[in-house]
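# Understanding the architecture of this molecule
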Amino acid sequence: MTTRPTSADRPVSVSLAEAPMRQARNSAALWIATGRSRGHEVIRRRGFVAVEGDERAGTRILIQEPDLDPGELAELSELVRRAAGPVNAEDPFGSTDLSHLGMRNWQMPVMLRGPGPVGEPALDVIRVKQPEDLQAAERIVIEGFELDGFEPYRPGELFPTAFVEQPGVDVFLALCDGVAAGACVSVVDDGIGSHYWVGTSPAFRSRGVGRAVMLGSLAHLTDLPLTLTASKLGRPLYESLGYTVAAPSTWWASVPVTPSR
């Protein structure tokens, strides 16, 4: 269990059992900030948060409770059916079945790290302040995660300037010989930190860039409990940085329609 005081009276304690709930809340904070910065509609319900984007950005759904009621499930289903673009849904509890919507699913672990020191990054890591650095981070994430929906590239579409002005949101950039090589986003909300979009430029893979950008961003969060959702490739890195698997998270994505020929 990890504990840190966020006020004189109220410590934040996070156990492995609580990690999925805290990750759910933090992920919602990220996507609410993202939706606001893009001017997209944000829908907030007891059991889920949704951000309705356009045909390129798509719709993001963040399950917030393990027990969606029939009305919430019906509304969520309608959001998926009317979505202008691709749909992605995160369920840290693994309890909401969206297979009736023709969506595919896979699992990734929610991980937890307690407060504690971290090592120094082997590369320079900066907290993004300038528009050109934000665009560099944006390009790295689009290329690293193969976000084809954001091609051809439109500056500020994934990470608008207003994104880094949202409370608790920071973007970090790792530099290799002065060249932008890796990026990530951190979000602090309700005494918990989390990381997203940890990506490396294809030209700099297998050179320790992911580790460097994580260490550089963690240096600002050493007094906080931290959660994240790990990909299969990212899990060994996060375990080496002190993260522990808490529970499986289920992710859902709409199945692309193949155009007729």
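In short, a report on the structure.

What follows covers the environment of Gly242. Within the secondary structure, Gly242 is located in the loop between helix H5 (235–240) and strand E13 (244–253). Placed 206 residues apart in sequence, Gly242 and Arg36 show a C-alpha to C-alpha distance of 32 Å. The residues contacting Gly242, other than those within four sequence positions of it, are Leu112 and Arg113.

Moving on, we get to unusual backbone geometry. The omega torsion of the bond from Glu151 to Pro152 falls at -5°, within 30 degrees of zero and hence cis. If you trace the backbone, Pro152 turns up in the loop between helix H3 (131–144) and strand E9 (169–176). Even without being glycine, Asp177 reaches a positive phi, approximately 55°. Positionally, Asp177 belongs in the loop between E9 and strand E10 (179–189). With relative accessibility at 75%, the residue Asp177 sits in the exposed group. A positive phi angle is found at Ser206, which is not glycine, with a value near 65°. In this fold, Ser206 is placed in the loop between strand E11 (192–200) and helix H4 (209–218). On the accessibility criterion, Ser206 (81% relative accessible area) is exposed.

The next subject is the nonpolar core. In this structure, Phe159, Val185 and Trp197 are the most contacted members of the largest nonpolar core, which totals 30 residues. Taken together, the elements giving at least two residues each to this core come down to helix H1 (19–38), strand E4 (48–52), H3, E9, E10 and E11. Of all the elements, H1 adds the most residues to this core, at 6 residues. Once residues lying within four places of it in the same chain are set aside, the contact partners of Val185 are Leu30, Phe159, Phe163, Val169, Asp170, Val171, Ser194, His195, Tyr196 and Trp197. Grouped together as the second largest cluster of nonpolar side chains are 24 residues, Cys184, Met214, Leu215 and Leu237 included.

This paragraph deals with the sheet that holds E9. Judged by pairing direction, the sheet is mixed, and its 11 strands sit side by side in the order E3-E4-E5-E6-E13-E7-E12-E11-E10-E9-E8 without closing on themselves. The sheet is open, and its two edges are formed by strand E3 (41–44) and strand E8 (124–127), each paired on a single side. Recorded for the sheet is a direction-independent mean angle of 20° between the axes of neighbouring strands. Across 4 bridges, strand E7 (residues 104–113) lies against strand E12 (residues 226–229) in antiparallel orientation. When the sheet's bridge partners are listed, Arg113 is paired in E12 with Leu226.

Quick look at helix H2 (residues 70–82) now. The terminal C-alpha atoms of H2 lie 18 Å apart, and with 13 residues this matches the ideal 18 Å at 1.5 Å per residue to within 8%. Looking at the buried residues of H2, the elements they touch are E3, E4, strand E5 (59–63) and strand E6 (87–91).

With that settled, the discussion passes to the side chain of Ser37. Take Ser37: it is sitting in helix H1. By relative accessible area, Ser37 is classed as buried at 11%. Of the polar contacts made by the side chain of Ser37, one reaches the backbone oxygen of Thr34; its length is 2.8 Å. Excluding its chain neighbours within four sequence positions, the residues that come into contact with Ser37 are Pro160, Ala162, Phe163 and Gln166.

With that settled, the discussion passes to the environment of Tyr196. Mapped onto the elements, Tyr196 comes out in strand E11. With relative accessibility at 11%, the residue Tyr196 sits in the buried group.

Take the pairing of E12 next. Neither face of E12 is open: one carries Leu226 and Leu228, the other Thr227 and Thr229, and all of them are buried. Sheet topology note: the E11/E12 ladder contains 2 bridges and is parallel. Residue pairing across strands places Ser194 opposite Thr227, the latter belonging to E12. For the segment spanning E11, H4 and E12, crossover handedness is right-handed.

The next thing to look at is H4. An α-helical turn contains 3.6 residues, so a residue and the one three or four places further along point in the same direction. With 9 of 10 residues buried, H4 lies mostly within the body of the structure. Three or more residues of H4 are buried, namely Val209, Gly210, Ala212, Val213, Met214, Leu215, Gly216, Ser217 and Leu218. On its buried face, H4 sits against E8, E9, E10, E11, E12 and H5.

Looking now at the pairing of E7. Relative to E13, E7 runs antiparallel, the two being bridged by 9 bridges. Residue Trp106 lies in a different strand from E13, and its bridge partner there is Trp251.

Note on pairing: side chains with opposite charge can pair once their charged atoms come close. Evaluated as defined, the whole model comprises 12 salt bridges. The salt bridge involving Arg22 is made with Asp190; its shortest N-O contact spans 3.2 Å. Placement of the pair is Arg22 in helix H1 and Asp190 in the loop between E10 and E11, with a sequence separation of 168 residues. We classify Asp190 as partly exposed; its relative accessible area is 45%. For Asp170, the salt bridge identified is with Arg127, shortest N-O distance 2.9 Å. Residue Asp170 is found in strand E9, and its partner Arg127 is found in strand E8; the two are separated by 43 residues along the sequence. We classify Arg127 as partly exposed; its relative accessible area is 29%. Among the charged side chains, a salt-bridge network with shared partners connects Arg46, Asp67 and Glu72.

Conventions adopted
Residues numbered from 1 in each chain as written. Predicted model: local features only at pLDDT ≥ 70, side-chain atom pairs only at ≥ 80, totals over all residues. Heavy atoms only, no water. Helix = DSSP H or I, 4+ residues; strand = E, 2+ residues; numbered from the N terminus. Contact = heavy atoms within 4.5 Å. Buried < 20%, exposed > 50% of the residue type's maximum accessible area, 1.4 Å probe, protein only. Core = buried A, V, L, I, M, F, W, Y, C linked by side-chain atoms within 4.5 Å. Pairing = 2+ DSSP bridges. Axes fitted to C-alpha atoms, helices over the stretch in contact; angles between N-to-C directions. Expected span 1.5 Å × (residues − 1). Polar contact = N/O pair within 3.5 Å; in protein donor to acceptor, adjacent residues only side chain to side chain. Right-handed = clockwise from strand over helix to strand, strands pointing away. Salt bridge = Lys/Arg side-chain N within 4 Å of Asp/Glu carboxyl O.

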